[in-house]
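As a plain string of letters, each chain reads:
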Amino acid sequence: MASSRRSAPDADTAAGAALRSALSGALADLAATQAPAGEPSPAAPLLVAFSGGLDSTVLLHALAACVPASRLYAAHVHHGLQSAADDWPEHCHRQAQALGVGFSSLRLAGPPTPGESLEAWARQGRYDALEAEAVRVGCAAIVTAHHADDQAETLLFRLARGAGLQGLGAMAANRAQGRVRLLRPLLALPRATLQAFARQHGLQWVDDPTNTQLDRTRNRLRASVLPALEQALPGARVNLVKAAALAREAHAVLTEVAQGDLDAARARAAALAPTQPRAIALSAGPGGVLHRQPMRALSTARRRLALRQWLGDLDLPTPSQSVLAEMLKQLLDAQGAAGEVAHAGAVLRRYRDWLWADRAAAPPALACEPERLRWRGERVLAAAGGRVLFEPGPGGIEATALAGACIRVGPLGAATRVRLRAGGPSRSLKNWHQQHGVPAHLRPSLPGVFVDERLVFVAGLGVNHEAAAGEADPRVAAIPGTERLCLRWEPADANDPRAPLCRPQALP
């Protein structure tokens, strides 16, 4: 347990003023983020990440002096990595009680997986636990005590690892963390300011012994690299924080450029939608469907920028340089009809000039059922992992002709002849798929619906008018007062990538 002695009043007063100013600015930014345009700013409840160390202790006490205790909630995360930490939750609880602040202690479950970075596991687990707790207790934001020294360490760490401009922006002061906001109000303040505040108020905190273990990269940066850099270049910490802010600003401008390029690709896709309804129907998630031609007109650097932004829109991580190069090759540069690149559990696909993201790593399989189903008047029949719908409509089959008929759903060969319009041409299924832009990876899983072994519907294309022009079809004879039913198959899961293709839509 560590405590502090009082120091020079002038320094302490300056520290308190700096903390109050930083917290006030952060809370104003949070209110502006949350308030709808033209409405008063809500007083968002805050969850303070409270480790019990000096930094978070100062944060909690300073916040308690700025906002009502009823608006604060402290949460301590026990990582379960050292026995010394077993006493910390009780210490934190006492501190929160003394301030009249609600408190909970959270413990991470299970160790990291083999080969997983211990620090990365602890960081991700900590943020996930804090987010879940913030949602549980109704807090709109998590507040952490990261300060300028932490920011300088982060920038050096990422620079040494070859991070891009986004990474060199280091930690953001206000960003989304899942369902809540994450605030770091002290990023502009050096740790010396926090130490001065702690001395002034006689605060008590716990010391984490792992902070002195030099086998950890962060600790070596803190103990050796930053002091040496500060000695060689006085003011280096402050300048590193400024550099991170400039990097974030530059990245924000590049994000605007990338979004503009993506908007052009989406607009091109939307403009061509009437001539390619099948590709457009595959729109998946916030990234939507893109047309690659506007992107191909960009410089290589802007192509890479746009692809990274698209992945960000899809909530997919930034790819490695080699994966990004493969995306450029398969999605933008290749001349073949199709291309795909797997990344982070998703597949980025191209069919001709159309690009989209498929969350399923593998295309859906067609669950064919060998038995034939007898129709007894149902409007829906379960079949092949989906359902056959019997819908009233012109050009359908007479209900009396369907009574007792054998219904089967099964796969179709590429050479199957299909007539999509009464009196229209009969072409192979492969030809129709190509003409209407049905992506090749989905074609084998789009079945046909048969009535007494006659193909009446092709999933992804529509009704099969197999009778030749001028040839009478006794099943669609126009008998007044007789209900006629159109058959259609669709997958049971609305999120199935085949679902948009199987909805009724006019063919061009």
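Per-chain numbering applies: the sequence of each chain, read as written, is numbered from 1 onward. Local features in this predicted model are restricted to residues whose pLDDT is 70 or higher, and side-chain atom pairs enter the listing and the counts only when it is 80 or higher, whereas totals over whole chains, interfaces and linings include all residues. Computation of side-chain values: all heavy atoms of the structure, hydrogens and water removed.

Visitor: Now, about the pairing of strand β2 (residues 72-78): what can you tell me, with residues and values included?
Guide: Between buried and exposed lies partly exposed: a residue is buried under 20% and exposed over 50% of the maximum accessible area for its type, with that area taken using a 1.4 Å probe on protein chains only. Think of it this way: any DSSP run of H or I at least four residues long counts as a helix, any run of E at least two long counts as a strand, and we number them from the N terminus. Burial analysis of β2 places 7 of its 7 residues in the buried class, which makes it a mostly covered element. Because side chains alternate across β2, one face comprises the buried residues Leu 72, Ala 74, His 76 and His 78, and the other comprises Tyr 73, Ala 75 and Val 77, equally buried. When DSSP finds two or more bridges between a pair of strands, those strands are recorded as paired. Of the strand pairs in this sheet, strand β1 (residues 46-49) and β2 are connected by 4 bridges, and their pairing is parallel. Residue pairing across strands places Leu 46 opposite Leu 72, the latter belonging to β2. Once the chain exits β1 it traverses helix α2 (residues 54-64) before rejoining the sheet at β2, and the crossover so formed is right-handed. The pairing of β2 with strand β3 (residues 102-107) spans 6 bridges and is classified as parallel. Of the residues in β3, the one forming a bridge with His 78 is Arg 107. As for the winding sense of the linkage, the β-α-β connection from β2 through helix α3 (residues 88-99) to β3 is right-handed. We call a crossover right-handed when, viewed with the strands running away from us, the connection from the first strand over the helix to the second turns clockwise.

Visitor: Before we move on, could you go through the sheet that holds strand β10 (residues 354-358) and cite the residues and values that matter?
Guide: Reading across from one edge, β7-β10-β9-β8 is the order of the 4 strands in this open sheet, with antiparallel pairing throughout. Of all strands in the sheet, those bounded by a partner on one side alone are β7 (290-291) and β8 (338-343). Here β7 pairs with β10 via 2 bridges, running antiparallel. Its bridge partner lying in β10, His 291 is registered against Trp 354. Here helix α12 (residues 300-313) sits on the sheet in contact with β7, β8, β9 (346-351) and β10, set at roughly 40 degrees to β10. Two residues qualify as a contact provided that any one of their heavy atoms is within 4.5 Å of a heavy atom in the partner residue. Helix axes are fitted only over the stretch in contact, all axes being lines through C-alpha atoms; the angle between N-to-C directions runs from 0 to 180 degrees. Contacts between helix α13 (residues 321-333) and the sheet are confined to β8, β9 and β10, with β8 contributing the most and set at about 160 degrees to the helix.

Visitor: So what's going on with the packing of helix α8 (residues 217-232) against helix α9 (residues 236-271)? Which residues, and what values?
Guide: At a minimum axis separation of 8 Å, α8 and α9 run at an interaxial angle of 105 degrees. Between α8 and α9, the angle is such that the two are roughly perpendicular. Across from Leu 226, Pro 227, Leu 229 and Glu 230 in α8, the residues of α9 making contact are Ala 236, Arg 237 and Leu 240. Any angle that is under 35 degrees is reported as roughly parallel, and any over 145 degrees as roughly antiparallel; angles of 65 to 115 degrees are reported as roughly perpendicular and all others as oblique.

Visitor: How would you summarise the environment of Ala 22 if you had to cite specific residues and measurements?
Guide: Within the secondary structure, Ala 22 is located in helix α1 (residues 9-34). The class for Ala 22 is buried, based on a relative accessible area of 19%. Sequence-wise, Ala 22 and Leu 187 are 165 residues apart; in three dimensions their C-alpha atoms are separated by 8.7 Å. Setting aside residues up to four positions removed in sequence, Ala 22 forms contacts with Pro 185, Leu 186 and Leu 189.

Visitor: Just give me the short version of the pairing of strand β14 (residues 406-410), but keep the residues and values in it.
Guide: Here β14 lies mainly inside the structure; 5 of its 5 residues are buried. By the alternation rule, side chains of β14 split into Cys 406, Arg 408 and Gly 410 and Ile 407 and Val 409, which are all buried. Two elements, β14 and strand β17 (residues 448-451), share 4 bridges in a ladder whose sense is antiparallel. When the bridges of β17 are listed, Gly 410 appears paired with Gly 448.

Visitor: Account for the pattern of salt bridges, naming residues and giving values.
Guide: Salt bridge, as used here, is a side-chain nitrogen of Lys or Arg placed within 4 Å of a carboxyl oxygen of Asp or Glu. Overall, the coordinates contain 21 salt bridges when judged by the stated rule. Here Glu 90 makes a salt bridge to Arg 94, at a shortest N to O gap of 3.8 Å. In this pair, Glu 90 and Arg 94 are both assigned in helix α3, 4 residues apart and thus about one turn of the helix distant. Residue classification places Glu 90 among the partly exposed positions, given a relative accessible area of 43%. The residue Asp 333 makes a salt bridge to Arg 303 at a minimum N-O spacing of 2.5 Å. In this pair, Asp 333 is assigned in helix α13 and Arg 303 in helix α12, connecting sequence segments 30 residues apart. On the basis of relative accessibility, which here comes to 14%, the residue Arg 303 falls in the buried class.

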